[in-house]
Amino acid sequence: MKVKIIGAGSIGNHLANASRLIGWDVVICDQSMDALRRTKDEIYPTRYGSWDEGIKLEHTNENNKSNASYDLVLIGTPPDSHIQVAIEAVKSSPKALLIEKPVSGLDFSKIDNLLDLAKKNNVRLFVGYDHIVSESVDYCSKLLIDNSLGDIDTIDVEFREHWGGIFNAHPWLEGPWDSYLGFSYRGGGALGEHSHALNLWQHFARVSSFGKVHKVQAKMQQVKNEQVDYDSIASLNLITETGHLGRCIQDVVTLPTKKQFIIQGKSARIECTLSPFADEVQIIPTSEGEITTKVFNKTRPDDFVKELNHIKDVLNGGAESPIDLNFGLDTMRVIHAAHKSNISDKTENIDYNCTFLEL
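What this report covers is the structure whose coordinates are included nearby. Remember, predicted model here, so these are calculated numbers, not experimental data.

### Brief notes about the sheet that holds strand 2 (residues 25-30)
Strand pairing in a sheet relies on backbone hydrogen bonds. The paired strands run either parallel or antiparallel.
So, point 1. Taken in spatial order, the six strands make up an open sheet running 3-2-1-4-5-6, and their pairing is parallel. Only two strands of the sheet have a single partner each, and these edge strands are strand 3 (55-59) and strand 6 (124-127). For this sheet, the mean inter-axis angle between neighbouring strands, taken without regard to orientation, is 20°.
So, point 2. The sheet contact formed by strand 1 (residues 2-6) and strand 4 (residues 72-75) spans four bridges and is parallel. Considered in strand 4, the bridge of Val 3 is made with Leu 72.
So, point 3. Its contacts with the sheet put helix 3 (residues 82-90) on strand 1, strand 4, strand 5 (96-99) and strand 6, and the angle it makes with strand 5 is roughly 170°.

What follows is the structure, encoded as structure tokens:
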């Protein structure tokens, strides 16, 4: 596979390293020479021990945007640029394109242009919610499909994580005001940056035959001043089209980090704790019986290797994927409605035709 990575920030380096571990050819592109220099001299060697001379670096300009020679294009630019960058990328018909999460900022009005062009050029579209294709989530999904917990009553997902770790990985940023992170409308804030949680909730709802999210009641802690405008805490009550109720909480203030999901069934409950080094899944019976614990050891690079191998397998087999772009768009619809609910102080229906929200 020949891979082009657009964006030389933290995620671009993760994707480059994972691609090289698989054995793929990699080019990292960025419009900033400083970003390319940081990748070669600082980010990559600090994380992975040394610079990989097999990686090519390319400065992007108006005369150098062809993706024709690449099988896979990976987009790691800020969320509010994703769709336009993706539109340009699919014009050269790579086999597939991955957009890092979230799909966009709160303005995704050009999404139909991207979907139409990708269909015309036969380009498969994915979004980077890599937790969904992890071993732990795959294990839990199979338990739900096999009805091992009995009928499911409710799903709770929490991603509570202080974003100091993000800024440690981006030391060139002075703070949230210095990037999209400090602006909800650009795809930042707790609801955008930690949207893995909401996306996981939706995934488990689909697997449990709850259907799509139909309504959302959201409360957020807003941080707004002359420098920033973002949600630091987002608490969502979610109601599906089948009437099932669950909860999702995301924040950028909790330290130490707490990431977990709980799925309650009639006969047993799943409790899963997620960390960069291991995911621990417990199956807890509702009555008498032993608690079953399964630990999935991993490293941070493993998350991205698993994601890229998944894409390779999907391209070879043509199957539907939980990280298909359409599922990522469903997450954006709920994010859109959640912000609307927070503003209106009402429960909002999910408008699956919406493409823009001005905060």
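### Brief notes about helix 3
So, point 1. Among the residues making up helix 3, those that are buried are His 82, Ile 83, Ala 86, Ile 87, Ala 89 and Val 90. Projected onto a plane normal to the axis of helix 3, the buried residues spread over an arc of 165° and lie on a single side.
So, point 2. Looking at the buried residues of helix 3, the elements they touch are strand 4, strand 5, helix 4 (111-120) and strand 6.

### Observations concerning the sheet that holds strand 12 (residues 268-273)
So, point 1. Read from one edge to the other, the open sheet built from nine strands follows the order 14-13-12-11-7-10-9-8-15, with strand pairing classed as mixed. Each end of this open sheet is capped by a strand with a single partner; those strands are strand 14 (292-297) and strand 15 (348-349).
So, point 2. Pairing analysis gives two bridges linking strand 8 (residues 213-224) to strand 15, with the strands arranged antiparallel. What sits directly across from Lys 215, in strand 15, is Asn 349.
So, point 3. Where helix 5 (residues 135-145) meets the sheet, it contacts strand 7 (152-160), strand 11 (258-265), strand 12, strand 13 (278-285) and strand 14, and its direction lies at approximately 20° from that of strand 13.
So, point 4. Packed on one face of the sheet, helix 8 (residues 196-207) meets strand 7, strand 8, strand 9 (229-240), strand 10 (245-251) and strand 11 and runs near 165° to strand 7.

### Re the pattern of salt bridges
So, point 1. Evaluation of the coordinates by the stated rule reveals 22 salt bridges.
So, point 2. The residue Arg 247 makes a salt bridge to Glu 158 at a minimum N-O spacing of 2.6 Å. Of the two residues, Arg 247 sits in strand 10 while Glu 158 sits in strand 7, which places them 89 residues apart along the sequence.
So, point 3. Arg 247 sits in the partly exposed class, given a relative accessible area of 27%.
So, point 4. Between Glu 158 and Lys 258 there is a salt bridge; the shortest N-O distance is 3.7 Å. Placement of the pair is Glu 158 in strand 7 and Lys 258 in strand 11, with a sequence separation of 100 residues.
So, point 5. With a relative accessible area of 40%, Lys 258 lands in the partly exposed category.
So, point 6. Residues joined by salt bridges that share partners form a network here, namely Asp 156, Glu 158, Arg 160, Arg 247, Asp 251 and Lys 258.

What counts and how
- Residues numbered from 1 in each chain as written.
- Predicted model: local features only at pLDDT ≥ 70, side-chain atom pairs only at ≥ 80, totals over all residues.
- Heavy atoms only, no water.
- Pairing = 2+ DSSP bridges.
- Helix = DSSP H or I, 4+ residues; strand = E, 2+ residues; numbered from the N terminus.
- Axes fitted to C-alpha atoms, helices over the stretch in contact; angles between N-to-C directions.
- Contact = heavy atoms within 4.5 Å.
- Buried < 20%, exposed > 50% of the residue type's maximum accessible area, 1.4 Å probe, protein only.
- Arc of directions from axis to C-beta.
- Salt bridge = Lys/Arg side-chain N within 4 Å of Asp/Glu carboxyl O.

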